[in-house]
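# Secondary and tertiary structure notes
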Amino acid sequence: MRHLVRSRSELQKQVAELVEQRAAISEVLRAVANSPHDLQPIFDTILINATRLCGATYGGLLLFEEKGYRSVARRGPVNPVYAERWPLGLVEPIGPGDPVARLIESGSPVHIADLAADQAYLRRDPRIVALVELAGVRTCLLVPLLKNNELIGALGINREQVQPFTDRQIDLVTDFAAQTTIALESTRRERQYREAQMALAHANRIATMGQLSASISHEVNQPITAAVTYALAARRWLSAEPPDLGEVSEALDLIIKEGNRASDVIGRIRGLIKKAPPRKDVVFINDAILEVVALTRAEAANNDVLVRTQLAPGLPPVQGDRVQLQQVMVNLIVNAVQAMSGTGEGAHELKISIDAVPFESGVRVGVRDTGPGLSPESLSRLFEPFYTTKPEGMGMGLSICRSIIEAHSGRLWAIPCEPHGALFQFTIPAT
Ligand code: ADP
């Protein structure tokens, strides 16, 4: 009977342990999901759980590099002298007595019951002496991080007293090591994906700006021409008898104003072309739209397209990347112009209407054209990467626009209009 009672309480203990382990594993998975770009919180969660569940004093994570290994996270009370000599981030060459060297050799967990009884310590290998005497490590367990059978790092837990880890604890640390590898891999993929997306968005932006070259040179030329006209007038006022210095001064003011206008336009174009990481600005959508309209005006006029704006006053500012949002609008306008430039001349008025209205607590922007509209095929494929019906098209514009809007927690969609034309709309919630 006593035996039965004991085994029942044993069983209860085991179940409680398993529940705790499961909770820890899901906590780590949550950390992986919640932190796609930053590994540190994931490493911390893993080490906190591994040390707690295995009753370890310290935990550490290291990643292999060409010249040795780098400690990337630590948990537990670290001796300050040790921490100063071996700070986080330092690349440490792998000495022959180092448990890490044994891990590399065997490719499987290294479990040392008492580091102070180990040959490397008895040989007075300085790294091991420091681990025992400074860091206070006695029992030490090191589990490999394996990615497709390649050793990429190790997860270690240590105790300051001599007390070997159980098989169950070793299995648990092995599970945590597998999760660390998954986190590393998913963050790497996420980073690669972001970089590729940024490069594509940049390429698309340059391509779009290329299509706007007529418009851009017009925008830059206009203030320069005006400045020259004012300068000629100033010269006339100066050579008058007597010179009219009041008029000269006024002309000079106007020249300065036009000069600034030209440099603003160039600054805006440079902003749209330059490759920069996404920002969080306070964006007044109406101003952003008006700037884009100014840049695309000549392009539209060259194609006999009229651009009209209907911007609701007092829209709430939204938070986001101003340049990216402008890129979306430039894309939608250029697409609309291109769609209409293919339609038969004089069939109907070619017009782009841009409106911005309050939407929920944010804004909704619409770009409507009177072009050929959207066929069922193109309606279902518009936002697919590389879908294009243009001979020179890249087919990336709308897919990039959608990912930009979604990164701003908004939506972008398209609908055909009656009797002709397409309407693209996007929403940006206020944050
Ligand atoms: P691209 O402009 O390089 O083709 P996009 O992703 O910007 O790439 O557009 C994909 C396709 O969607 C275009 O090739 C065109 O067929 C269609 N499309 C986009 N905007 C419009 C529009 N305003 N009217 C009709 N079709 C459009």
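Here goes a summary of the coordinates provided. (Residues numbered from 1 in each chain as written. Predicted model: local features only at pLDDT ≥ 70, side-chain atom pairs only at ≥ 80, totals over all residues. Heavy atoms only, no water.)

### Remarks on the packing of helix α8 (residues 213-239) against helix α9 (residues 245-273)
Each packed pair of helices is defined by two parameters, the angle between the axes and the distance between the axes. Short version of the rule: Between N-to-C directions, angles span 0 to 180 degrees; the directions come from axes that are lines fitted to C-alpha atoms, helices contributing only their stretch in contact. Numbering of helices and strands starts at the N terminus; helices are DSSP runs of H or I of at least 4 residues and strands are runs of E of at least 2. Here roughly perpendicular refers to angles of 65 to 115 degrees, roughly parallel to angles under 35, roughly antiparallel to angles over 145, and oblique to all remaining angles. Here a crossing is taken to be left-handed if its near helix is turned anticlockwise relative to the far helix by less than a right angle, and right-handed if that turn runs clockwise. Under the scheme applied here, ten amino acids are nonpolar (Ala, Val, Leu, Ile, Met, Phe, Trp, Tyr, Cys and Pro), four are charged (Asp, Glu, Lys and Arg), and all others, including Gly, are polar.
In the contact formed by α8 and α9, the axes pass within 8 Å of each other and the chain directions differ by 165°. The pairing of α8 with α9 is recorded here as roughly antiparallel in orientation. By crossing handedness, the relation of α8 to α9 is classed as left-handed. Residues of the contact of α8 with α9, tallied by class, amount to 20 nonpolar, one polar and four charged.

### Quick notes on helix α11 (residues 322-341)
Which entries qualify depends on this criterion: Multiplying 1.5 Å by the residue count of a helix minus one yields the expected span of that helix. The buried label goes to any residue with under 20% of its type's maximum accessible area, the exposed label to any with over 50%, and the partly exposed label to all in between, with areas taken from a 1.4 Å probe on protein chains only. As used in this structure description, the phrase polar contact means that two N or O atoms lie within 3.5 Å; if the pair is within protein, one of them must be able to donate a hydrogen and the other to accept it, and residues adjacent in sequence are counted only when both atoms belong to side chains.
Compared with an ideal rise of 1.5 Å per residue, which puts 20 residues at 28 Å, α11 spans 28 Å between its outermost C-alpha atoms and is within 8% of the ideal. In terms of burial, α11 is largely enclosed, as 15 of its 20 residues are buried. N-capping of α11 is provided by D321, with a side-chain oxygen placed 3.1 Å from the backbone N of V323.

### Some points on the pairing of strand β13 (residues 422-428)
What counts, and what does not: Two strands are counted as paired when DSSP detects at least two bridges linking them.
By the criterion of burial, β13 is predominantly enclosed, with seven of the seven residues buried. Side-chain alternation along β13 places A422, F424, F426 and I428 on one buried face and L423, Q425 and T427 on a second face that is also buried. Here strand β11 (residues 362-369) pairs with β13 via six bridges, running antiparallel. Counted as the bridge partner of V363 is I428 from β13. Pairing of strand β12 (residues 411-416) with β13, which is carried by six bridges, proceeds in the antiparallel orientation. When the bridges of β13 are listed, W413 appears paired with Q425. The turn joining β12 and β13, which pair antiparallel and follow one another in sequence, is formed by five residues; a positive phi near 105° is taken by G421.

### Digging into the pairing of strand β5 (residues 139-147)
Burial runs high along β5: seven of the nine residues are buried. Sheet topology note: the strand β4 (residues 110-112)/β5 ladder contains three bridges and is antiparallel. Its bridge partner lying in β5, I112 is registered against C140. Summarising the sheet, β5 and strand β6 (residues 150-159) pair through nine bridges and their orientation is antiparallel. Paired with L142 across the two strands is G156, which belongs to β6. Where β5 folds back on β6, the antiparallel hairpin that results is connected by two residues, among which N148 adopts a positive phi of roughly 45°.

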